[in-house]
Structures are given as C-alpha cells and as structure tokens.
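# Residue-level structure breakdown
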Amino acid sequence: MSEQTHVLFVEDDDVIREATQLALERDGFAVTAMPDGLSGLEAFRANRPDIALLDVMVPGLDGVSLCRRIRDESTVPVIMLSARADSIDVVLGLEAGADDYVTKPFDGAVLVARIRAVLRRFGHASGSANGPAAEGHSSVDGSVLSFGDGSLEIDTEGMEVRRGGTPVALTPTEMRLLLEFSSAPGTVLSRDKLLERVWDYGWGGDTRVVDVHVQRLRTKIGQDRIETVRGFGYKLKA
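A short tour of the structure in this document, coming up. (Residues numbered from 1 in each chain as written. Predicted model: local features only at pLDDT ≥ 70, side-chain atom pairs only at ≥ 80, totals over all residues. Heavy atoms only, no water.)

The buried count for strand E1 (residues 6-10) comes to five of five residues, which makes it a mostly enclosed element. The pairing of E1 with strand E2 (residues 30-34) spans five bridges and is classified as parallel. Across the sheet, residue His-6 finds its bridge partner in E2, namely Ala-30. Between the parallel pair E1 and E2, the chain is carried across by helix H1 (residues 14-26), and the sense of this crossover is right-handed. Summarising the sheet, E1 and strand E3 (residues 51-55) pair through four bridges and their orientation is parallel. For Val-7, the partnering residue across the bridge sits in E3 and is Ile-51. (Buried < 20%, exposed > 50% of the residue type's maximum accessible area, 1.4 Å probe, protein only. Helix = DSSP H or I, 4+ residues; strand = E, 2+ residues; numbered from the N terminus. Pairing = 2+ DSSP bridges. Right-handed = clockwise from strand over helix to strand, strands pointing away.)

Where helix H6 (residues 172-182) contacts helix H8 (residues 208-221), the axes come no closer than 10 Å and their chain directions differ by 85°. Here H6 is positioned roughly perpendicular relative to H8, judged by the angle of their axes. Packed against H6, whose contacting residues are Thr-173, Glu-174, Leu-177, Leu-178 and Phe-181, the element H8 presents His-213, Val-214, Arg-216, Leu-217, Lys-220 and Ile-221 at the interface. Partitioning the contact of H6 with H8 into residue classes produces six nonpolar, two polar and three charged. (Axes fitted to C-alpha atoms, helices over the stretch in contact; angles between N-to-C directions. Parallel < 35°, antiparallel > 145°, perpendicular 65-115°, else oblique. Contact = heavy atoms within 4.5 Å. Nonpolar A, V, L, I, M, F, W, Y, C, P; charged D, E, K, R; others polar.)

Residue Pro-105 follows Lys-104 across a cis peptide bond; omega there is -5°. Within the fold, Pro-105 resides in the loop between strand E5 (100-103) and helix H5 (108-123). Non-glycine residue Arg-48 carries a positive phi angle of around 45°. Tracing the chain through its elements places Arg-48 in the loop between helix H2 (37-47) and E3. Using a relative accessible area of 44% as the deciding quantity, one classes Arg-48 as partly exposed. In this structure, Met-159 takes a positive phi of about 55° despite not being glycine.

Pasting the structure below:
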C-alpha cells in the first residue's frame, strides 16, 4: 500500500492482540492495539484510525458499546470480532453500527481479506449506481434519483440522501446498500447477491449482516421503502 492504513485493534487477550498486531503489520498496516474499551475509545479519538477491529468481550467498555460510541462520532468502518458465530453478540454489534464481523479463532489471511474488502467498498461508495435511471425513478439533475412521491432523493455524485427534504446520515455500507437497491428498483435482490455486491464477498457469508443493515437502512429512509420478498430477498419500491 502506498500509504499505511491505520487500524485500531481492541482485544483483551494478550496473545491474540500481539500476534494479530504483528500479522497486520507484516501486511503493511499501521496498528494501534489496546487491551480494553475505554483505552480503545481514547485511542480512537486521539488517532482517528481508518478502520477499527473490536472484540466483543473486552473489559471496561464492551465492544458493542464501544462500537456505538464510535458510530456516534464517525462513519469509520468497524469490524467486530466474536468468539461465537451463533452469539447474539454478532447481531448486537451489527445493530450498534458495525459493518462486518469475523469469528474467532480466525485465520490471519481471512482477517486481512475482510479488512481490505471493507476498505475497498468504503473507497468506492458510488460504484453501484453508474447505470441509466431505471423505471420508477427519474433523474433530477443527472445525478439525483427520486423515488415514489419524491420523498426519497439520492444524490449519486454527492453521496447524499434526503428524506422529505431532510438530509439522512448513512454509513458508507448503508449508502452502498441503498445504491445497489436504487440501481434496480422493483427488482428482487437476494441476500447472497447483496453480500457479493455490497460486502465484496467472493465466498458465502452470514446473511444476518444483510438483514441487520437492511433494517438499519429502513429506520433511516422509511420502514415501507424496502420490501421483504420471503424466500428470495429484498427490493426497493419504485
């Protein structure tokens, strides 16, 4: 990488923290590693990292609460680390604003791949809506898409969303998801397809990531704007 990506890594297990830090540094990342949530929050505010890796079970301020505090201040990408794939902690972390999660124990190469996948989509948040306007929305000035009665507007160049004329704050992952839906309104997109296009997964992933992000997006743009098609996926109402 031409410029080092700064990673904040919060993990209370000394062995995992040190080994992971060394592995990430070997791959060219600059790493600030902290043993608990409170010191992690201080490090985040002092250093403003490019991405945060947060273990769910850390002392002082748990990973989910830390994620929520970070999300209150920033849209920096967050990956949660959880020891149990079936844990409610995974969903809680995503609901708190995390963009992805990795289950422990993890392979270093997999972790690096997930970090780079998140960073790629954060660096190319406008890449999903470059095609012509589809039926059901209209181009206002060449880059603004308007849906339904015009209450939802998406500026695909300025990366801004307005609901009823009021700006809506979306994380880059939420924006990518909305752009994917807006590129084909009325078309059902499967969870697997959304994982591939939005999360850049070249392999099967946990569809809970999609479900939680869709729900978060609904709370911001309107609960009835994205329709669930049972057994198939989701679609944006034209």
